Amino acid sequence: MKALVSVKRVVDYNVRVQVKSDGSGVITDGVKHSMNPFDEIAMEEAVRLKEKGKITEIVAVSLGSTKNEETLRSALAFGADRAILIKEDGEVQPLTAARAFAALLKKEDAKLFLAGKQAIDDDANQTGQMVAALLDIAQATFASKVEIDGDKATVTREVDAGLETLEVDLPAVITTDLRLNEPRYLKLPDIMKAKKKPLDTVSLADLGVEKAASLTVTKTSAPPKRSKGIMVKTVDELVAALKSKGLA
């Protein structure tokens with residue numbers, strides 16, 4: 001069984017994001033980028049399923065500029081068999097990404113699409129669900145446990161009320177949550193081997209995909225600075241301070 005795993009290039013989670021002086025967005029030039037952490041979890045899960053003999057081939061896919069090749073090489077180092085870059089310069093809307101992944105899923109005849117539940121740059125949490133809707137296939141989001149048995153997948157997912165277990169028919173879309181696994185540390189030999197694995201490039205036109213309407217960002221601003229705290233000596237002073245602010 002073939003699995004398609006999406007990996008997105010985002011500003012590294014250790015970087016303190018800075019807003020541009022003109023408010024048009026955040027500074028990305030000269031800033032460290034890496035694979036979206038939720039997508040790392042998706043890739044790790046695909047590799048573990050392959051190690052169990054549930055998956056025969058892992059195809060990593062990313063949508064963006066040629067800079068995304070570095071992210072795909074990381075996916076190959078994780079254990080993906082090959083990679084595909086859907087080349088598209090400029091901003092990519094979630095619907096455009098979903099259309100591209102859906103088209104590639106059909107072209108590759110993959111039975112499983114794994115992706116992080118969201119990307120840490122926009123926190124949209126839309127793409128996986130859109131892929132399932134476009135292809136009219138099953139979906140299981142926020143997975144904290146995944147088991148594959150033949151043409152069915154059993155997914156434990158985190159919901160507000162606790163844990164929910166779903167059984168879905170394949171093909172299906174599964175998006176991964178933080179507690180699903182802990183991604184492995186990439187070793188130098190695996191990174192070197194990844195350089196020799198195949199990485200193909202296609203375009204949206206090659207997949208017959210039309211870009212979705214773009215969104216216009218009117219302004220980006222940093223969150224307000226936290227105000228200085230107030231020291232109180234007694235509980236009564238604390239209660240009085242809270243009441244004065246309408247919090248008690």
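Calculation notes
- Residues numbered from 1 in each chain as written.
- Predicted model: local features only at pLDDT ≥ 70, side-chain atom pairs only at ≥ 80, totals over all residues.
- Heavy atoms only, no water.
- Patch = residues over 30% accessible without salt bridge, like charges linked within 9 Å, V, L, I, M, F, W, Y side chains within 5 Å.
- Areas by Shrake-Rupley, 256 points an atom, 1.4 Å probe, with all protein chains shown as cover.
- Salt bridge = Lys/Arg side-chain N within 4 Å of Asp/Glu carboxyl O.
- Helix = DSSP H or I, 4+ residues; strand = E, 2+ residues; numbered from the N terminus.
- Buried < 20%, exposed > 50% of the residue type's maximum accessible area, 1.4 Å probe, protein only.
- Contact = heavy atoms within 4.5 Å.
- Pairing = 2+ DSSP bridges.

Caption draft 1: Structural view of a nonpolar patch on the surface. Nonpolar side chains collect at one region of the surface, where Ile230, Val232, Leu238, Leu242 and Leu247 lie side by side and expose about 440 Å² of accessible area between them. Mapped onto the secondary structure, Leu238 falls in helix α6 (residues 235-244). Using a relative accessible area of 41% as the deciding quantity, one classes Leu238 as partly exposed.

Caption draft 2: View of the environment of Glu167. Mapped onto the secondary structure, Glu167 falls in strand β9 (residues 162-169). Using a relative accessible area of 58% as the deciding quantity, one classes Glu167 as exposed. Along the sequence, Glu167 and Lys32 sit 135 residues apart, while their C-alpha atoms lie 39 Å from each other. In contact with Glu167, not counting residues within four places along its chain, are Lys152, Ala153 and Thr154.

Caption draft 3: Structural detail: the pairing of strand β6 (residues 112-116). Of all 5 residues that make up β6, 5 are buried, and the element is covered over most of its length. Here β6 shows a buried face lined by Leu112, Leu114 and Gly116 and a second buried face lined by Phe113 and Ala115. Where strand β1 (residues 2-6) and β6 come together, 3 bridges link them in parallel fashion. Residue Leu4 lies in a different strand from β6, and its bridge partner there is Phe113. Pairing analysis gives 5 bridges linking β6 to strand β10 (residues 172-176), with the strands arranged parallel. In the strand pairing of β10, Leu114 is matched with Ile174.

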